[in-house]
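# Overview (structure and organization)
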Amino acid sequence: MRRARIAYMGDVHLAIENEGRLILEDGREVTENEVFWLPPVTPKTIFALGLNYADHAAELEFKAPSEPLVFLKGPNTLIGHQGLTKRPANATYMHYECELVAVIGKKARNVKMKDAYEYIDGYTVANDYAIRDYLENYYRPNLRVKNRDTCTPIGPWVVDKADIEDPMNLRIRTFVNEKLTQEGSTKDMIFTIPYLIEYLSSFITLNRGDIILTGTPKGAVDTKVGDEVITEIEGIGRLVNTIIEE
Ligand code: MG
């Protein structure tokens, strides 16, 4: 099942997708173009992986990490499918990052890898935009790079865990203005989703609705005002976003 949060006729609704249409909780059916898409999740904590694909680390001229490189994002950076993302006027390099997102289904603490999937509710797609200009150093890490209003599109929906046979073998693609610019597979992650759940839950509680953005493969390209950026993961979804002037 694919579960969305949308606004329609002045109200917020949960909806499920059925053959290209959305069915609201009260039974009404609407088309995907009639609704305003909201982030499909409302997490307390957003975890995001840096350099979790060796080919992406290499293209940015970083060494692949030997322990997960995790940072946090504020929930107010999220926007939904078909949203508008602001490019700062002075930025010279803003790239997209198509990422598989694991949505936590229940409270997790000290979970072992072999049990990790029990704690997952489902999956969605995020575009973890980065403004490379603002990357500084060890003492001032990536706050302005990665925590910006509108700079984390997510959705369109959460796909139930049961519908995805192997989340660690899904094709990842990004299109800018319909041109394919990024292609990879979740099988190339350095730290897998079960590994990340064991690692994180060994020192912090994961709560229902929390999300883990699992990193992006090679294929970073600068994006400009007016670009339509589509981040797509096989079996999960196709997330559309447009870049506007700040
Ligand atoms: Mg990222």
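Residues numbered from 1 in each chain as written. Predicted model: local features only at pLDDT ≥ 70, side-chain atom pairs only at ≥ 80, totals over all residues. Heavy atoms only, no water.

In this structure, proline 156 follows glycine 155 across a cis peptide bond, with omega equal to 0°. Positive phi, normally seen in glycine, also occurs at glutamate 178, with a value near 75°. Note on placement: glutamate 178 falls in the loop between strand 15 (171-176) and strand 16 (179-185). (Helix = DSSP H or I, 4+ residues; strand = E, 2+ residues; numbered from the N terminus.)

Inspection of the entire model under this criterion finds 14 salt bridges. In this structure, the salt-bridge partner of aspartate 121 is arginine 3, at a minimum N-O distance of 3.3 Å. Linking aspartate 121 in strand 12 (residues 120-127) with arginine 3 in strand 1 (residues 2-8), this pair joins segments that are 118 residues apart in sequence. When the shortest N-O distance is used, the salt bridge between arginine 173 and glutamate 232 registers 2.8 Å. (Salt bridge = Lys/Arg side-chain N within 4 Å of Asp/Glu carboxyl O.)

Of the volumes computed, that of the second largest pocket is approximately 330 Å³. Within the residue set of the lining of the second largest pocket, elements represented by two or more residues are strand 1, strand 2 (11-18), strand 3 (21-24) and strand 11 (98-104). (1 Å grid on protein atoms, 1.4 Å probe; cavity = no way out; pocket = protein on both sides within 12 Å on 5 of 7 lines; lining within 4 Å. Points joined across faces, edges and corners; volume = space filled by probe spheres on them.)

Right, let's talk about the nonpolar core for a bit. Ranked by size, the top nonpolar core spans 41 residues in total, and within it Ile6, Ile197 and Ile236 carry the most contacts. Where this core is concerned, the elements lending two or more residues are strand 1, strand 3, strand 6 (46-50), strand 11, strand 12, strand 14 (152-160) and helix 3 (193-201). Sorting elements by how many residues they give to this core places helix 3 first, with five residues. Two domains each provide a minimum of three residues to this core, namely domain 1 (1-37) and domain 2 (39-245). (Core = buried A, V, L, I, M, F, W, Y, C linked by side-chain atoms within 4.5 Å. Buried < 20%, exposed > 50% of the residue type's maximum accessible area, 1.4 Å probe, protein only. Domains from an automatic or database assignment.)

Quick look at the state of the cysteines now. Inspection of the entire model under this criterion finds zero disulfides. Of all cysteine sulfurs in the structure, the one in cysteine 151 sits closest to cysteine 98, which takes part in no disulfide; the separation is 16 Å. The exposure class of cysteine 151 is buried, given its relative accessible area of 1%. (Disulfide = S-S within 2.5 Å.)

The next point concerns the side chain of glutamate 99. Examined against the element boundaries, glutamate 99 turns out to sit in strand 11. No salt bridge is formed by the buried glutamate 99; the nearest opposite charge belongs to lysine 146, separated by 5.1 Å. (Lys, Arg positive; Asp, Glu negative; His and termini not counted.)

Attention now goes to the domain arrangement of the protein chain. Split into domains, the protein chain comes out as domain 1 (1-37) and domain 2 (39-245). For domain 1 versus domain 2, the distance between C-alpha centres works out to 24 Å. Domain 1 puts nine residues into the contact, and the matching count from domain 2 is 16 residues. For the pair domain 1 and domain 2, the two sides together bury roughly 1,100 Å², of which 43% comes from carbon and sulfur. (Contact = heavy atoms within 4.5 Å. Buried area = accessible area lost by both parts, 1.4 Å probe.)

Moving on, we come to the sheet that holds strand 18 (residues 228-233). Taken in spatial order, the five strands line up as 9-19-18-15-16 in an open sheet, and their pairing is mixed. Strands with a single pairing partner mark the edges of an open sheet, and in this sheet they are strand 9 (83-87) and strand 16. Averaged over neighbouring strand pairs, the angle between their axes works out to 25° when direction is ignored. With five bridges joining them, strand 9 and strand 19 (residues 237-245) adopt parallel strand pairing. Bridge assignment links glycine 83 to a residue of strand 19, and that residue is asparagine 241. (Pairing = 2+ DSSP bridges. Axes fitted to C-alpha atoms, helices over the stretch in contact; angles between N-to-C directions.)

One pass over the full model with this rule turns up three aromatic pairs. Note on tryptophan 37 and tryptophan 157: the rings are 6.0 Å apart at their centroids and 65° apart in plane angle, and the pair reads as edge-to-face. Highlighted residues: tryptophan 37 in strand 5 (residues 36-38) and tryptophan 157 in strand 14, separated in sequence by 120 residues. A residue is classified by how much of its surface remains accessible, and tryptophan 157, at 7% relative accessible area, is buried. A ring pair is formed by phenylalanine 191 and tyrosine 195, whose centres lie 5.2 Å apart and whose planes are at 35°; its orientation type is tilted. The positively charged end of lysine 106 is found above the aromatic ring belonging to tyrosine 119, 4.8 Å away from the centroid. Between arginine 144 and the ring centre of tyrosine 134, over which it is positioned, the NZ or CZ distance is 4.4 Å. (Phe/Tyr/Trp six-rings, centres within 6.5 Å; stacked < 30°, edge-to-face > 60°. Lys NZ or Arg CZ within 6 Å of the ring centre and 35° of its normal.)

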